[in-house]
Amino acid sequence: MSHPIRLLLVAGARPNFMKVAPLMKAVDTYNGCKTSGSPGFEAFLVHTGQHYDTQMSQAFFTDLGIPEPDVNLDVGSGTHALQTANIMIRFEPVCEKLKPDWVMVVGDVNSTMACTLVSAKLGMKIAHVEAGLRSFDRSMPEEINRLVTDALADLLLTPSEDANQNLLREGIGASKIRLVGNIMIDALMANLEKAEASNVLGNLKIEPGRFAYVTLHRPSNVDNPEKLGTFMLELERLGKFLPVVFPIHPRTRRMLASFGIRTNGANQLRLVEPLGYCDSIKLTESARLVITDSGGLQEETTFFGTPCLTLRPNTERPITIQLGSNRLTTLDQLGTDVERILQGPEKLGTVPPLWDGHAAARILHHLAEGIE
Ligand code: UD1
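Residues numbered from 1 in each chain as written. Predicted model: local features only at pLDDT ≥ 70, side-chain atom pairs only at ≥ 80, totals over all residues. Heavy atoms only, no water.

*Asks:* Quick rundown of the side chain of Glu-236? Include the residues and the values.
*Replies:* Here Glu-236 shows up in helix H11 (residues 225–238). Buried and unpaired, Glu-236 has no salt bridge, with Lys-240 as the nearest side chain of opposite charge at 7.2 Å. Not counting residues within four places of it along the chain, the set of residues in contact with Glu-236 comprises Arg-262, Thr-263, Asn-264, Asn-267 and Leu-269. (Helix = DSSP H or I, 4+ residues; strand = E, 2+ residues; numbered from the N terminus. Buried < 20%, exposed > 50% of the residue type's maximum accessible area, 1.4 Å probe, protein only. Lys, Arg positive; Asp, Glu negative; His and termini not counted. Salt bridge = Lys/Arg side-chain N within 4 Å of Asp/Glu carboxyl O. Contact = heavy atoms within 4.5 Å.)

Structure below.
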């Protein structure tokens, strides 16, 4: 092939942005030092608009230095069917116009699956970054997105060996699977210096190693009034012992308001707006512990060795438990697990293999190879 490999990268929701940032940068690096004879890459970024608030989207583009998207589908929120269908309807003409050699999707959000379906029907080649993760829990919308995306993708780029095993077990050919490492860690390492310079601790008047960092947004945790109410009571209790920083996701804010759940402001529980990327990384590195239901935070805490309690019955990222600093918990267990962490070591676990900041370079290498 003599023309540059035309790559259409898709991002839609907050957890996608830190995955496309290293890929966009790696394209520039690859093109800057490609050997003569190699066609290089021509990348187009499509933002579906699944997330649209400044704090959920633009703030990440700014923090991570992602160029303005070439196309914004502006789909906004809706039910799963509505959102997925709207993305598909708006993505199809973009593919037909740009005629990419590869469509590259990342993660497991609705945008990932919707764009995969469109591309497959148009006969376009699909590469999935973060392929093979499985929670084995189909009540989780992301699990459906993962299964569909991986069934249709032509190149499955995995973050860890367990993901390869999941794909092989599902009958996906080994020739399509490449273990490339964790793209999230590329973004983290590239922005670590900037994150460490963040003023977020000073702004929140907290000290390193002496606060808890909390995030919660999964429908299974926040869409139920009893569960969300109990969780907030647990946080108030924890706030008697140390400051608790809890940036509130829009879904969680909506649920707190609609259930009429209010916190008593007397303790050290700080409910704040969603944070930018670098501030979140700084909090993750500095926290005494993290309580979360986010996939990304399970990985970022593992990188830093920060003790993490994941409020879920399962995780699609088991390596963060086997090697890293993560542990699953329940609302009943949370208090006991927090106490155990506060009495234990400040850092735990090790960093999994290939979580080394070079996943994006490996991905481009495989893409270039795959098409020749
Ligand atoms: C989505 C992803 C989830 C990911 C999460 C990270 C799916 C199925 N879910 O969940 O995997 O962990 O993003 O944030 O793709 N809203 C705003 N502003 C925004 C975006 C959303 O106010 O910029 C509100 C809307 O009221 C919307 C609700 O948040 O109805 C939920 O947004 P949605 O994108 O549907 O799902 P998330 O819960 O954010």
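Next comes the rest of the description.
*Asks:* Describe the site of the ligand, with residues and values.
*Replies:* Around the ligand sit 19 residues, and of these His-51, Asn-110, Glu-142, His-217 and Arg-251 come closest. A distance of 2.8 Å separates an oxygen atom of the ligand from a polar atom in the side chain of His-51. Glu-142 has a polar side-chain atom sitting 2.5 Å from an oxygen atom of the ligand. For the ligand, the protein covers 89% of the area, taking 740 Å² as the surface of the free molecule. For the shell around the ligand, the secondary-structure elements that each account for two or more residues are helix H3 (80–98), helix H5 (141–152) and helix H12 (250–259). (Near = heavy atom within 4 Å. Polar contact = N/O pair within 3.5 Å; in protein donor to acceptor, adjacent residues only side chain to side chain. Areas by Shrake-Rupley, 256 points an atom, 1.4 Å probe, with all protein chains shown as cover.)

*Asks:* Could you give me a rundown of the sheet that holds strand S13 (residues 326–329), with the residues and numbers involved?
*Replies:* What links the strands of a sheet is backbone hydrogen bonding, and the strands pair in either a parallel or an antiparallel sense. With respect to topology, 6 strands assemble into an open sheet ordered S10-S9-S8-S11-S12-S13, the strand pairing being parallel. Taken across any chain shown, the strands that pair with only one partner, and hence form the sheet edges, are strand S10 (269–272) and S13. Averaged over all adjacent pairs, the angle separating strand axes in this sheet is 20°, with direction ignored. Pairing analysis gives 3 bridges linking strand S8 (residues 212–214) to strand S11 (residues 289–292), with the strands arranged parallel. (Pairing = 2+ DSSP bridges. Axes fitted to C-alpha atoms, helices over the stretch in contact; angles between N-to-C directions.)

*Asks:* Give a detailed account of the pattern of salt bridges, specifying residues and quantitative values.
*Replies:* Evaluated as defined, the whole model comprises 19 salt bridges. Between Glu-42 and Arg-6 there is a salt bridge, and its shortest N-O distance comes to 3.1 Å. Here Arg-6 lies in strand S1 (residues 5–11) and Glu-42 lies in strand S2 (residues 41–47), a separation of 36 residues in the sequence. Judged by its relative accessible area of 29%, Glu-42 falls in the partly exposed class. Salt-bridge contacts for Glu-299 lead to Arg-317; the nearest nitrogen and oxygen are separated by 2.8 Å. You can see Glu-299 sitting in helix H14 (residues 295–304) and its partner Arg-317 sitting in the loop between strand S12 (308–311) and helix H15 (319–322), a full 18 residues away along the chain. We note that Glu-299, like Arg-317, is buried. Overlapping salt bridges bring together Lys-19, Asp-108, Glu-130, Glu-143, Arg-146, Glu-299, Arg-312, Glu-316 and Arg-317 as one network.

*Asks:* Give me the lowdown on the nonpolar core, citing residues and values where you can.
*Replies:* Note that soluble globular proteins tend to have their nonpolar side chains buried in a common cluster. Membership of the largest hydrophobic core comes to 47 residues, with the highest contact counts inside it found for Leu-23, Leu-64, Met-104, Tyr-277 and Leu-367. Per-element accounting of this core gives the leading share, 8 residues, to helix H1 (residues 14–33). A domain-level breakdown of this core finds at least three residues from each of domain 1 (5–181 + 355–369) and domain 2 (193–343). Sequence-distant contacts of Leu-367, that is, excluding residues within four places in its chain, are made with Leu-7, Phe-41, Trp-102, Met-104, Ala-127 and Leu-155. (Core = buried A, V, L, I, M, F, W, Y, C linked by side-chain atoms within 4.5 Å. Domains from an automatic or database assignment.)

*Asks:* With reference to specific residues and values, describe the sheet that holds S1.
*Replies:* Judged by pairing direction, the sheet is parallel, and its 7 strands sit side by side in the order S3-S2-S1-S4-S5-S6-S7 without closing on themselves. Among the strands making up the open sheet, the edge pair consists of strand S3 (71–72) and strand S7 (177–179). By the bridge criterion, 5 bridges tie strand S4 (residues 102–106) to strand S5 (residues 125–129) in an arrangement that is parallel. Within S5, the residue paired with Val-105 across the bridge is His-128.

*Asks:* Outline H11, supporting the account with residue identities and numerical values.
*Replies:* Helix length check: H11, at 14 residues, gives a terminal C-alpha distance of 20 Å against a target of 20 Å (1.5 Å per residue), a fit within 8%. Sitting at the amino-terminal end of H11 is Asn-224, which places a side-chain oxygen 2.9 Å from the backbone nitrogen of Glu-226. (Expected span 1.5 Å × (residues − 1).)

*Asks:* Just give me the short version of the packing of aromatic side chains, but keep the residues and values in it.
*Replies:* A complete count under the given rule lists 5 aromatic pairs for this structure. Ring geometry for Phe-231 and Phe-246: centres 6.0 Å apart, planes at 85°, overall edge-to-face. Of this pair, Phe-231 sits in helix H11 while Phe-246 sits in strand S9 (residues 244–247), and the two are 15 residues apart along the sequence. Here Phe-246 falls in the buried class, since its relative accessible area comes to 0%. Feature note: the residues Phe-17, Phe-60 and Phe-61 constitute an aromatic cluster, connected by ring pairs. (Phe/Tyr/Trp six-rings, centres within 6.5 Å; stacked < 30°, edge-to-face > 60°.)

*Asks:* Tell me about the domain arrangement of the protein, residues and numbers included.
*Replies:* Taken domain by domain, the protein consists of domain 1 (5–181 + 355–369) and domain 2 (193–343). With centres defined by C-alpha atoms, the gap from domain 1 to domain 2 works out at 27 Å. Opposite the 22 residues of domain 1 that make contact, domain 2 presents 20 residues. Across the contact surface, domain 1 and domain 2 share 3 salt bridges. Residue Arg-146 pairs with Glu-316 through a salt bridge whose shortest N-O separation is 3.4 Å. Joining domain 1 to domain 2, the criterion identifies 8 residue pairs in polar contact (both at pLDDT 80 or more). Looking at the side of domain 1 that touches domain 2, the elements with two or more residues in it are H1, helix H2 (58–64) and H5. At 4 residues, H2 tops the list of elements feeding residues into the side of domain 1 that touches domain 2. Tallied by class, the residues present in the side of domain 1 that touches domain 2 amount to 7 nonpolar, 5 polar and 10 charged. (Nonpolar A, V, L, I, M, F, W, Y, C, P; charged D, E, K, R; others polar.)

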